[in-house]
Amino acid sequence: MSSGPGAASVPAPEPHDSPPASDPPAGRPARKSSMFSSLKVRNYRLFFMGQVVSNIGTWMQRIAQDWLVLSLTGSSAAVGITTALQFLPMLLFGLYGGVLVDRLRKRPTLLVTQSSMALTAIALAVLTLTGHVQVWHVYVAAFAVGLATVVDNPARQSFVSELVGPKQLQNAVSLNSANFQSARLVGPAVAGILITGVGTGYAFLLNGLSFIAPLTGLLLMRARELHAVERAPRGKGQLREGVRYVTGRPELIWPIVLVGFVGTFAFNFPVYLSAFADDVFHAGAGAYSMFNTLMAVGSVAGALLAARRGTARLRLLIAAAMAFGALEILAATIPTLWMFALLMVPLGLFGMTVNVTTNTSIQMSTDPAMRGRVMALYMMVFLGGSPVGAPIVGWITDTYGARIGLAAGGAVAVLAAAVIGLILARVGNLRLSIGWHRGHPRVRFVPREQQEQLAPAA
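Residues numbered from 1 in each chain as written. Predicted model: local features only at pLDDT ≥ 70, side-chain atom pairs only at ≥ 80, totals over all residues. Heavy atoms only, no water.

A. Structural view of the nonpolar core. Membership of the largest hydrophobic core comes to 39 residues, with the highest contact counts inside it found for Leu258, Phe269, Phe291 and Phe340. Mapped by element, the contributors of at least two residues to this core are α9 (250-266), α10 (269-280), α11 (284-308), α12 (314-333), α13 (337-364) and α15 (402-427). Sort the elements by how many residues they give to this core and α12 lands first, with nine residues. Once you skip the residues sitting within four places of it in the chain, Phe269 turns out to touch Ser274, Tyr288, Met295, Phe324, Glu328 and Leu347. By size, the runner-up hydrophobic cluster in this structure holds 28 residues, among which are Met35, Val101, Ala307 and Met352. (Core = buried A, V, L, I, M, F, W, Y, C linked by side-chain atoms within 4.5 Å. Buried < 20%, exposed > 50% of the residue type's maximum accessible area, 1.4 Å probe, protein only. Helix = DSSP H or I, 4+ residues; strand = E, 2+ residues; numbered from the N terminus. Contact = heavy atoms within 4.5 Å.)

B. Structural view of empty space enclosed by the protein. What the rule picks out here adds up to two cavities of 30 Å³ or more. Roughly 60 Å³ of volume is contained in the largest cavity. Along its surface, the largest cavity is lined by Leu46, Phe47, Gly50, Gln51, Leu110, Gln114, Arg156, Pro214, Leu218 and Met221. Within the residue set of the lining of the largest cavity, elements represented by two or more residues are α1 (42-73), α3 (106-129) and α7 (212-220). Here the lining of the largest cavity gets four residues from one element, more than from any other, and that element is α1. Residues that form the lining of the largest cavity fall into these classes: six nonpolar, three polar and one charged. In this structure, the second largest cavity encloses a volume near 40 Å³. (1 Å grid on protein atoms, 1.4 Å probe; cavity = no way out; pocket = protein on both sides within 12 Å on 5 of 7 lines; lining within 4 Å. Points joined across faces, edges and corners; volume = space filled by probe spheres on them. Nonpolar A, V, L, I, M, F, W, Y, C, P; charged D, E, K, R; others polar.)

C. Fine view of the pattern of salt bridges. By the definition in use, this model includes six salt bridges. For the salt bridge of Arg156 with Asp152, the shortest nitrogen-to-oxygen distance reads 2.7 Å. Taken as a pair, Arg156 and Asp152 lie in helix α4 (residues 135-164) at a separation of four residues, close to a single helical turn. Overall, the relative accessible area of 23% leaves Arg156 in the partly exposed class. Among the residues examined, Asp152 registers a relative accessible area of 2% and is labelled buried. Residue Arg373 is joined to Glu241 by a salt bridge in which the shortest nitrogen-to-oxygen separation is 3.4 Å. One end of the pair, Arg373, is in helix α14 (residues 371-400); the other, Glu241, is in helix α8 (residues 238-247), with 132 residues separating them in the sequence. Where salt bridges share partners, they join Asp102, Glu241 and Arg373 into one cluster. (Salt bridge = Lys/Arg side-chain N within 4 Å of Asp/Glu carboxyl O.)

D. Geometry of unusual backbone geometry. Within the chain, His282 stands out as a residue other than glycine whose phi angle is a positive 50°. With respect to the element layout, His282 can be found in the loop between α10 and α11.

E. Molecular detail of the packing of aromatic side chains. This structure, assessed with the given rule, holds 13 aromatic pairs. When the centroid spacing of 6.4 Å and the interplanar angle of 80° are considered together, the rings of Phe269 and Tyr272 count as edge-to-face. Here Tyr272 and Phe269 lie together in helix α10, a separation of three residues that amounts to about one turn. Exposure class is identical for Phe269 and Tyr272. Each is buried. Between Phe291 and Phe340, the aromatic rings sit 5.0 Å apart at their centres with planes inclined by 70°, giving edge-to-face as the arrangement. (Phe/Tyr/Trp six-rings, centres within 6.5 Å; stacked < 30°, edge-to-face > 60°.)

F. View of helix α6 (residues 200-210). Turning to α6, its buried residues number three or more, namely Thr200, Gly201, Ala203, Phe204, Asn207, Gly208 and Ser210. In the core, the buried residues of α6 are packed alongside α1, α3, α5 (169-197) and α7.

G. Inspection of the confidence of the model for the protein at higher detail. Looking at the protein, pLDDT values average 80 and 82% of them are 70 or higher. Taken element by element, the predicted model of the protein shows its lowest mean pLDDT in helix α16 (residues 448-454) (53) and its highest in α7 (96). Contacts from residues 1-31, a stretch scored under 50 in pLDDT, to residues over four places away or in other chains number 53 contacts. (pLDDT = per-residue confidence, 0-100.)

H. Just the side chain of Arg249, in detail. Along the chain, Arg249 falls in the loop between α8 and α9. A distance of 2.9 Å separates polar atoms of two side chains, one belonging to Arg249 and the other to Glu251. (Polar contact = N/O pair within 3.5 Å; in protein donor to acceptor, adjacent residues only side chain to side chain.)

I. Examining the packing of α1 against α6 more closely. Between α1 and α6, the shortest axis-to-axis distance is 8 Å and the interhelical angle comes to 155°. The angle between the axes of α1 and α6 places the two elements in the roughly antiparallel class. For the element pair α1 and α6, the recorded crossing hand is left-handed. In this structure, α1 uses Val53, Ser54, Gly57, Thr58, Met60, Gln61, Ala64, Gln65, Trp67 and Leu68 to contact α6, whose residues at the interface are Thr200, Ala203, Phe204, Leu206, Asn207 and Ser210. Its residues assigned to classes, the contact of α1 with α6 comprises eight nonpolar, eight polar and no charged. (Axes fitted to C-alpha atoms, helices over the stretch in contact; angles between N-to-C directions. Parallel < 35°, antiparallel > 145°, perpendicular 65-115°, else oblique. Left-handed = near helix turned anticlockwise from the far one by under 90°.)

J. Structural view of the environment of Ala417. By the element assignment, Ala417 lies in helix α15. The spacing of Ala417 and Val262 is 155 residues in sequence and 8.7 Å in space, taken between C-alpha atoms. When sequence neighbours within four positions are dropped, the list of residues in contact with Ala417 reads Leu258, Ile318, Ala321 and Met322.

The structure is reproduced here in structure tokens:
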């Protein structure tokens, strides 16, 4: 059932494997899309180019903000408070932000949220450059950005489908992820040069100015070329309606539960990698930076590979989550720094595959009129998991060592993926099939009726 335009292209709720309606007929291989096919859409191209500039500025501000707090207080705990304040609004108000997004037009909403974040960065730049900045100013700025993110994040996520339509959604979501991770390679390096060369304030100033690019892109878009989506009317109980909608659909609730476990326990890399760099390999900040850079390389590769796939299947999500967890367990046993560093590339690749596949499968399985609330719940679980899980995995790492901490996070990911995979198989009336295909063993889930037909022949 759907109440919005374009709903005919939303896949049927097959929890085990939700292919879009444009999938080829049975017996014909699925055609892979061009890696950059969604960039042919003018409106999305404007959006993408604006995000290229803005994402670099965002990463610059993240580094500069942490460094400024550390220089003002000398306290790592104060840095943690800043991060918590930035994520706290999403935990408290994330679902309400989704309700607003479903009621409002996405483009004007993004103009407001992006402008507010630009003004916050510029205000922090002025305070820093004039020498009047205090740590509570940074706290307020972090909380203000978090409040804007409550609406901005689900609005940006759901706006992508209006820019490109359902057929290009997988490709566009993947390119967005590649965009953000590519900025992760550039932004921190630029921030480091600015901080050491001219001061932290200029990093904030450039981030504020970087919002000119996405704002210009939004203003230049052609409204008639957007894929119209029916907005939800104002009414009571819309928050509860969104929660009921998600919990009543296995193809939505279980991927969100899975990414919650993975994000909370397995994605806490600031804790894990800093501990390995300092306590295990005794290599300092240089090794920590290298680990993050190599993981970003793998993330970009994972996002670009996802851009070539035409569909987002839940079985791929389960397999990627299990592979991601298994790689973390393997990394926990690696004895040398360079072997550990090389594993960061596949870890980044499979981690990004989990992110992109979850994001795309949820959007493609959601009624357009509910998409803001569903994406808000997804982002609340995904972004809110790290602040909740960080103290837990930090305690495990401090008490039992970095290797045990990383292995424990990987074990949670593997176990969660296995259990949720079995649940989805049961809901989808599937059974495990083990056999041979072209001389290689193959393990897959097949419909019970198909397995029963094959059983006598075996």
